[in-house]
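# Residue-level structure breakdown
As a plain string of letters, each chain reads:
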Amino acid sequence: MTAPTRTEPAATGRRARTPLVEIAKLRVDFGTGGRRVRAVDAVDLSVAPGECLALVGESGSGKSVTARALVGLAGPRAHVSCDRMLVDGRDATRFDARAWRGVRGRRIGFVLQDALVSLDVLRTVGAEVAEPLRTHAVVPRGRVHTRVLDLLADAGIPDPARRVRQYPHQLSGGLRQRALIASALAAEPALLIADEPTTALDVTVQAQILDLLADKRAGGMGLLLISHDLAVVSRVADRVAVMRDGVIVEQGPAARVLTQPEHPYTRLLLAAVPSGRTRGRRLSPGPDDTRPEEPTHTPRPGSDPTSVTGPRRTRPAHRDTPLVEAHAVGRSFTDADGSVRDAVREFAVTIHPGEAVGLVGESGSGKTTAARLLLGLVTPDTGTVRFDGRPWSTMPERARRPLRRRLQVITQDPLGSFDPRWSVGRLLGEALGTVGVRRGAARRERTVDLLLRVGLAADHLGRRPATLSGGQRQRVAIARALATEPQVLVCDEPVSALDVSVQAQVLDLLADLRESHGLALLFISHDLGVVHHVCDRVLVMHDGRVVEQGDVDRVFADPEHAYTRTLLHALPGRDLGPGASPAPPPPPPGVAADFLSFRRTDR
Amino acid sequence: MPTFAGYVARRLLAGVVVLWGAATVTFVALHRVGGDPVDAVVGPGVSPTPSLRRQITEEYGFDQPLIVQYGRWLGRLLGGDLGRSYQLGRPVSAVLADQVRPTCALALSAVLLAGVLAVVTALATAGRGRLVRGLVSGAELAVVSLPSFWVGLLALTFLSFRWHLFPVAGDQGFAALVLPAVTLALPVAGVLAQVLRQSLDEALTQPFVLTVRTRGVPEALVLARHALRHAAIPVVTLAGWVVGSLLGGAVLIETVFARPGLGRVLLAAVGSRDTPVVAAIVLLSAAAFTCANLLVDLVCPALDPRLRTAPATRRTPPMPVTVAKETPA
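Residues numbered from 1 in each chain as written. Chains lettered and ligands numbered in written order. Predicted model: local features only at pLDDT ≥ 70, side-chain atom pairs only at ≥ 80, totals over all residues. Heavy atoms only, no water.

## Focus: the overall build of chain A
To keep things clear, this is the line we draw: Here a strand is any run of E in DSSP of at least two residues, a helix any run of H or I of at least four, and the numbering for each starts at the N terminus. With a 1.4 Å probe rolled over the protein chains alone, any residue whose accessible area is under 20% of its type maximum counts as buried; one over 50% counts as exposed, and the rest are partly exposed. Residues count as neighbours in contact if any of their non-hydrogen atoms are within 4.5 Å of one another. Residue exposure ignores everything except the shown protein chains as possible cover, and the areas themselves are Shrake-Rupley values with a 1.4 Å probe.
Along the backbone of chain A there are 22 helices and 21 strands. By the burial criterion, 55% of the 603 residues in chain A qualify as buried. The contacts of chain A with a sequence gap of at least 6 include a subset with a gap of at least 24, amounting to 68%. Looking at chain A as shown, the accessible area adds up to about 25,300 Å², and 50% of this sits on carbon and sulfur atoms.

## Regarding the UniProt feature "transmembrane region" (unreviewed entry) in chain B
Worth spelling out the cut-off: UniProt positions are given in the numbering used here, feature names are shortened, and annotations may be inferred rather than shown by experiment.
As recorded in UniProt, the feature "transmembrane region" (unreviewed entry) lies at residues 12-30, 105-126, 138-161, 173-196, 235-257 and 277-300 of chain B. A helix fraction of 95% and a strand fraction of 0% characterise residues 105-126 of chain B, whose end C-alpha atoms lie 31 Å from each other.

## Some points on a nonpolar patch on the surface
All names here are of chain B. Put simply, the rule reads: A patch is a set of surface residues, each over 30% in relative accessible area and not in a salt bridge, joined within 9 Å for like charges and within 5 Å for the nonpolar side chains Val, Leu, Ile, Met, Phe, Trp and Tyr. The salt bridge definition used is simple: a Lys or Arg side-chain nitrogen within 4 Å of an Asp or Glu carboxyl oxygen.
Together, L146, F149, W150, L153, L154, F158, W163, L165 and L252 make up a nonpolar patch on the protein surface, roughly 840 Å² of accessible area in all. Top element by residues in the nonpolar patch is helix α7 (residues 148-162). It accounts for 5 residues. Tracing the backbone through its elements, the reader meets L165 in the loop between α7 and α8 (173-204).

## Considerations on the packing of helix α1 (residues 4-32) of chain B against helix α12 (residues 275-303) of chain B
All names here are of chain B. Our working rule: Lines fitted to C-alpha atoms define the axes, with helix axes restricted to the stretch in contact, and inter-axis angles between N-to-C directions lie between 0 and 180 degrees. We call two directions roughly parallel when the angle between them is under 35 degrees, roughly antiparallel when it is over 145, roughly perpendicular when it lies between 65 and 115, and oblique otherwise. It is the rotation of the near helix from the far one that decides the hand of a crossing: anticlockwise by less than a right angle makes it left-handed, clockwise makes it right-handed. We call Asp, Glu, Lys and Arg charged. Ala, Val, Leu, Ile, Met, Phe, Trp, Tyr, Cys and Pro are nonpolar, and the rest, Gly among them, are polar.
Relative orientation of the contacting elements α1 and α12 amounts to 160 degrees, with a least axis distance of 9 Å. By the criterion of interaxial angle, the relationship of α1 to α12 is roughly antiparallel. Relative to α12, the crossing made by α1 is right-handed. Contacts between α1 and α12 involve F4, Y7, V8, R11, L12, G15, V18, L19, A22, A23, T26 and L30 from the first element and T275, V278, A279, V282, L283, A286, A287, T290, L294, D297, L298 and P301 from the second. For the contact of α1 with α12, the class distribution of residues is 18 nonpolar, 4 polar and 2 charged.

## Digging into the domain arrangement of chain B
Residue and element names in this part refer to chain B. For clarity, the cut-off: Segmentation into domains, and thus their bounds, comes from an automatic or database assignment. Values labelled buried area give the accessible surface lost by two parts on being combined, using a 1.4 Å probe and summing over both.
You can read the domains of chain B as domain 1 (4-78) and domain 2 (92-307). When each unit is reduced to the centre of its C-alpha atoms, the spacing between domain 1 and domain 2 is 32 Å. Contact residues are listed per partner, giving 19 residues for domain 1 and 14 residues for domain 2. For the pairing of domain 1 and domain 2, the buried interface totals around 1,300 Å² over both sides, and the portion due to carbon and sulfur atoms is 77%.

## A few points about unusual backbone geometry
You will see that K25(A), though not glycine, has its phi angle at about 55 degrees, which is positive. Along the chain, K25(A) turns up in strand β1 (residues 21-30).

## Considerations on the pattern of salt bridges
Side-chain pairing between opposite charges can occur once the charged atoms of the two side chains come close. All names here are of chain A. Counted under the stated rule, the structure contains 39 salt bridges over all chains. Ionic pairing is found between R514 and D536, a salt bridge with its closest N-O pair at 2.8 Å. With R514 in helix α17 (residues 500-517) and D536 in the loop between α18 (528-534) and β20 (537-542), this pair connects stretches of sequence that are 22 residues apart. For the pair formed by R514 and D536, the shared burial category is buried. Across the pair E560 and R554 runs a salt bridge, and its minimum N-O distance is 3.8 Å.

## Notes on the packing of helix α7 (residues 173-185) of chain A against helix α8 (residues 203-218) of chain A
All names here are of chain A. With their axes 10 Å apart at the nearest point, α7 and α8 run at an angle of 15 degrees to one another. Relative to α8, the element α7 is oriented roughly parallel. Between α7 and α8 lies a crossing whose hand is right-handed. Touching G174, Q177, R178, I181 and L185 of α7 are V205, Q208, I209, L212, L213 and K216, all from α8. Class assignment for the residues of the contact of α7 with α8 results in 6 nonpolar, 3 polar and 2 charged.

What follows is the structure in structure tokens.
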């Protein structure tokens, strides 16, 4: 490799494609003295022009810290060292603050997850996109505004003249993310680092963003994509580096790593991705869990610890009387500007004991309102909900309250549903109290029993929610829901915030509970793979209506409604994992073109 | 339908209610103090004859039921009549008119000074090392904790008496304003700087700051252009309270520096139970408090666009929910 001298990149020859960024033996430590923690250890990576390297790994694996170190922003408490770090062939270890500022935004653009907190919410979208232009004086002052409009249009934002004056909170999640990307691309960086750019976005929006990034790469831009979503990675990346506990365990061409993984951890990650193929199987390995901070599982008879995916489950048979019946339920809300919006229209569903019914659709399609109608938290304007053969939606609250324990809910963000000052023991004890379990030894015994059922241990009793990991929190939320021995569990995006291996454990736990307790699930998710894995039947919602429903295999294999086809087509990485069929997805039907070719139509 | 005009109207209405409440509480409190109001009217050291006593009682309506007195008083207030001072024999409005200017000059210069001091120290120390912050934070704590009359006396002793840098007392021009204003501003600046630095540090941990830094923006601009605006909202909210609290500080400062002003008038009026004057000053400070908070309610939406589209009753914007991502810290 070239020594850290300021030789002209052209001297090494254009065909050699000088890497945009190259780093050898990167180490990042946090803390000082004896309490030093190594977050990144001996990481080698490089990105060439037009290339996409994906950095894959779970929370805390050191992906984000690595990315930040590449722009010299690992943070004031980080100690960064490396054998070699070249940006544009220049030795970045000798950069002072000024030299780094010249690189940031101009040579290396950076996109963070969740544009609502990554854009300055007090400034207009236009001001945010203009900032790199002004900082690096890319265009003369007078032309900044027109340039910003062009950038927004390039990022696929319709009506940029209006959007440029708006604030981030006035934009939808997809538009916000595109505005954030537009600001990162404003000064035409040679390399874009995108840290989870599509997490928490709907699949169709995600597809649009990935298309946008692919376009830029076709123009020669390098892309360092950081993601825990293997499906996204499989669609975008040329090369994949799998990171775990600060170390890259496997690096190679995407096609090879994602279909013939060499490292056991990569295999584990791939096996944990839920989809139609994994239906009825365990996603997480047995008691020899690879994440030491996660607790060991309850022993399961029949689970085979040697194989990554366990034996196929048997599905419980449904009894004939449905637990939940909704008929032609509708509900509208009055918006802040006085307009009336139909959140849910003509919603109908039946859920039998032990059955798992999926509810999919994009954000704003009415999934959560439908769930709240079934839970009796929102009164329907039209139609009725029956629970266990009795009228539910018309029942007075006084009569309904004793029955509520039989219908429980878990949400995407368990932390927000806990009192942060309460210990796990107290959280579960309260739930037990509502079903008449007296304080004292009996309640304590039941509390421990609940923890064991969700794969936690008695020593978690005294912990507060904030000190638990994401997966442990969701387990506590499930334990709390189980405290009242419900017959129906409404799961509203229960695994969206979780890493794939933790997600696998939670999904396995839900499947176990279905099997052992005959628990019925209403499973809301925007992740079609998860729904396909978990559910027997699925309802597809769009604009408050159920546009399609039926057996999950049938709906996903042979969708009837155009919107379902659009959703499925936008789903990245359907040919993932060992033994996946390499067949590409079918070309989009007419409607899908509206969604996927947004840049061509909106320009 | 919530509109901006409606928002302002609701705030104004709330302000009127606050003023009415303040007037009522003042009235009740002053009539519950006890003692014969006639004695307050004639002043200390004078024993009125029974006929004079009767005459005063009838003139001021002290023989009427309390509710009637309250009604009349409220009616006169609405008509803009604050009554006559018992002791000075002049209309209260005239007494206040003389004294409002020096107090306003003192209060406004103190507020401005405190604001500037707070912003400068907070910007200079936010995100700095522990030593700098510890020192400055300690200094702020000291100026907040020290009694302002003592600080004022120290300042007078050294700066005025010994070194003759500033006038000792009075209200003659700008030079006479410097020491009182600084003394009044210091504790306020200390509180505001603490809050501002804390919210600046909070803002600097937000993900958007990382985005701004990845654009190559210099650190000074990161603070001034981005973080300061985020941090300003709690400080502006606090400033509304500060304005209201300044009058209390003015009582001490005006006494120590022998300045004319509402504070001293209030002190004298309380001492001699000059009810109309006390009531008027309480009302005036309530009005100042209400106006300051109304201003805050209008400034906050200007700072935070999220408060414009949905004018909520709360002032601080909802903190963005940060997903606890397990990154090593």
